[in-house]
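Structural description and commentary
Residues per chain are reported as follows:
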Amino acid sequence: MRAIWSGEITFGLVNVPVKLYGATRSHDLSFHQVHDDDHGRIRYERRCEVCGREIDYEHIEKAYDDGDKTVVLTDEELEALPVEDDDEIDVVQFVPDEQIDPVLLGTSYFLEPVGRSAKAYVLLRRTLEDTERTAIVTFTLRTKTRLGILRVHGDLLALQTLRWPKDLREVDFAPAKSKISAKERDMSAALVEQFSGDFEPEQFTDEYQAQLRELVDAKLEEGEGVDTDETFGQERAPTSEQDGKVISLMDALERSVTTRRGAAESSTKTSGSRQESGSSTKSGSGTKSESGTRKRSGSGQKSGSSEDSGSRKKSGSRKKSGTSSTSGSSRKSSTSSKKSGKKSA
């Protein structure tokens, strides 16, 4: 086990070096939440209700709300508060065991003796056992001052936290007064006697957790489990504010430029291939035009061959996009030829 605290038990002039260990653990199966559709893990985010951003722990401070106003306390202000020495368990009183109300009891810890000699540790444990007394102590754990008790647990000393008196709620109810006969009390005592015995915690089991474990094991054997790594999915880069992520203006601009540049390069490659195929188609008609006179070329332009007409119709969309520059220059050349023919006539 790993010690969570180390220090000394002090009472009078006696110091007992000890280490503190958690005495209990949970046997319950631990669950987490997943999406019922794809079994992805459900995460809880620390999101600010003002700016809507997810906040890192380093930017989170504590605050107290009194109903009308909220007071923010920084880490520096909290650290400046006076606290007792965090390495001492100070015994302030020894009281009879029966005076400790179980409702006040909290978390339990085991104390391990530290050093070459455990004589002071053993002496304190035996003294508590012989006198049937419980030590009331104060100590600091995780920056909080706590009230607790030292008591005997087998060969060890156990430290158990106590709730402060203000932590107990005041109740406004009580059982109604009832008249109980002597015969009823005798019968009740006889029933108690039938159920009497020595307390052996090992004979009790948590039936719910046992059946829950059987259910989980059965589902695993039947192959109903999913791969744990797949429940975490892949880390997604934030794309918009709608995804719950806030991206900067520079990120948005860079992504837009990259996307636009990729689309432009793709368009250029497509139009280039179309332009090359268009040029090879017009090469045949260009030979006919060069073998004749310009007048014949002009008249041929008016009548138009079926092949050229079909070619122009098919390349209409390419004219709009500005990719069929050859077709446009050919028509200009024909028009100038017509004009020169009229002048010579």
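Scroll up to find the structure.
This one's a predicted model, so the numbers in the text were calculated from it and none came from an experiment. (Residues numbered from 1 in each chain as written. Predicted model: local features only at pLDDT ≥ 70, side-chain atom pairs only at ≥ 80, totals over all residues. Heavy atoms only, no water.)

**Quick notes on the side chain of Thr 161**
Operational definition: The numbering of helices and of strands both runs from the N terminus, where a helix is a DSSP run of H or I of at least 4 residues and a strand a run of E of at least 2. Buried means the residue's accessible area, taken with a 1.4 Å probe over protein chains only, is under 20% of the maximum for its type, while exposed means over 50%, and partly exposed covers the values in between. By definition, residues are in contact when any of their heavy atoms lie within 4.5 Å.
As for its placement among the helices and strands, Thr 161 is situated in strand E9 (residues 156-162). Given a relative accessible area of 12%, Thr 161 falls into the buried group. Excluding residues within four positions of it along the chain, Thr 161 makes contact with Leu 104, Leu 105, Gly 106, Thr 107, Tyr 109, Phe 139, Leu 147 and Gly 148.

**Here's the deal with the sheet that holds E9**
For the record, the criterion: In short, DSSP must find at least two bridges between two strands for them to pair. Axis definition: a line fitted to C-alpha atoms, over the contacting stretch in the case of helices. Angles run 0 to 180 degrees between N-to-C directions.
Reading around the barrel, the seven strands line up as E1-E2-E6-E9-E8-E7-E5 and close back on themselves, with mixed pairing between neighbours. Each neighbouring strand pair of the sheet contributes to a mean axis angle of 40°, computed without reference to strand direction. Of the pairings in the sheet, the one linking strand E7 (residues 133-141) to strand E8 (residues 144-153) comprises seven bridges and is antiparallel in character. From the neighbouring strand, Phe 139 faces E8, where its bridge partner is Arg 146.

**Focus: the pattern of salt bridges**
Put simply, the test is: By definition here, a salt bridge exists when the distance from a side-chain nitrogen of Lys or Arg to a carboxyl oxygen of Asp or Glu is within 4 Å.
Scanning the entire structure with this criterion turns up four salt bridges. One salt bridge in this structure joins Arg 125 and Glu 129, with 3.2 Å as the shortest N-O distance. In this pair, Arg 125 and Glu 129 are both assigned in helix H2 (residues 119-131), four residues apart and thus about one turn of the helix distant. What makes Glu 129 partly exposed here is its relative accessible area of 43%. Linking Glu 224 and Lys 219 is a salt bridge whose minimum nitrogen-to-oxygen distance equals 2.6 Å.

**Re the pairing of strand E4 (residues 70-73)**
The pairing of strand E3 (residues 62-65) with E4 spans four bridges and is classified as antiparallel. Of the residues in E4, the one forming a bridge with Ala 63 is Val 72. Remark: four residues form the turn of the hairpin made by E3 and E4, two consecutive strands paired antiparallel; Gly 67 in that turn has positive phi of roughly 110°.

**Side note on a nonpolar patch on the surface**
For clarity, the threshold we go by: Each patch is assembled from residues with relative accessible area greater than 30% and no salt bridge, linking like charges that lie within 9 Å and nonpolar side chains (Val, Leu, Ile, Met, Phe, Trp, Tyr) that lie within 5 Å. Here the accessible surface of atoms and residues is derived via Shrake-Rupley with a 1.4 Å probe, and residues count as covered only by protein chains that are part of the display.
Judged by side-chain polarity, Tyr 64, Val 71, Leu 73, Leu 78 and Leu 81 come together as a nonpolar surface patch covering roughly 450 Å² of accessible area. Assignment of secondary structure puts Val 71 in strand E4.

**Considerations on the pairing of strand E2 (residues 14-22)**
In this sheet, E2 lies alongside strand E1 (residues 5-11) in antiparallel orientation, the contact comprising seven bridges. Its bridge partner being in E2, Trp 5 is matched across the sheet by Leu 20. Where E1 folds back onto E2 in an antiparallel hairpin, the turn is made up of two residues, including Gly 12, whose phi is positive at roughly 65°. Both E2 and strand E6 (residues 105-113) contribute to a ladder of five bridges, which runs antiparallel. Counterpart to Val 18 in the pairing with E6 is Pro 113.

**Concerning the nonpolar core**
As a reminder, the rule being used: We call a set of buried Ala, Val, Leu, Ile, Met, Phe, Trp, Tyr and Cys residues a nonpolar core when their side-chain atoms join them within 4.5 Å.
Within the largest apolar cluster, 19 residues are counted, with the highest numbers of intra-cluster contacts made by Ile 9, Ile 89, Leu 111, Val 137, Leu 150 and Leu 159. Mapped by element, the contributors of at least two residues to this core are E1, E2, strand E5 (88-96), E6, H2, E7 and E9. Sort the elements by how many residues they give to this core and E7 lands first, with four residues. Counting residues in each nonpolar core, the second largest holds six residues, with Val 95, Ile 136, Leu 147 and Leu 162 among its members.

**Considering H2**
For an α-helix, 3.6 residues make a turn, and residues three or four places apart therefore share a direction. The test is simple: By this rule, a helix spans an expected 1.5 Å times one less than how many residues it contains. The arc in question is traced by the directions running from the helix axis to the C-beta atoms.
A rise of 1.5 Å per residue sets the reference length of H2, with its 13 residues, at 18 Å; its end C-alpha atoms lie 18 Å apart and thus fit the reference within 8%. Within the sequence span of H2, burial applies to Tyr 121, Leu 124, Arg 125 and Leu 128. Summarising the axial view, the buried residues of H2 lie within an arc of 95°, below the 170-degree limit, and thus occupy one face. Across H2 from its buried face, at more than 90 degrees, point the exposed residues Lys 119, Leu 123 and Asp 130. With its phi angle positive at about 55°, Glu 132 sits one or two positions after the end of H2.

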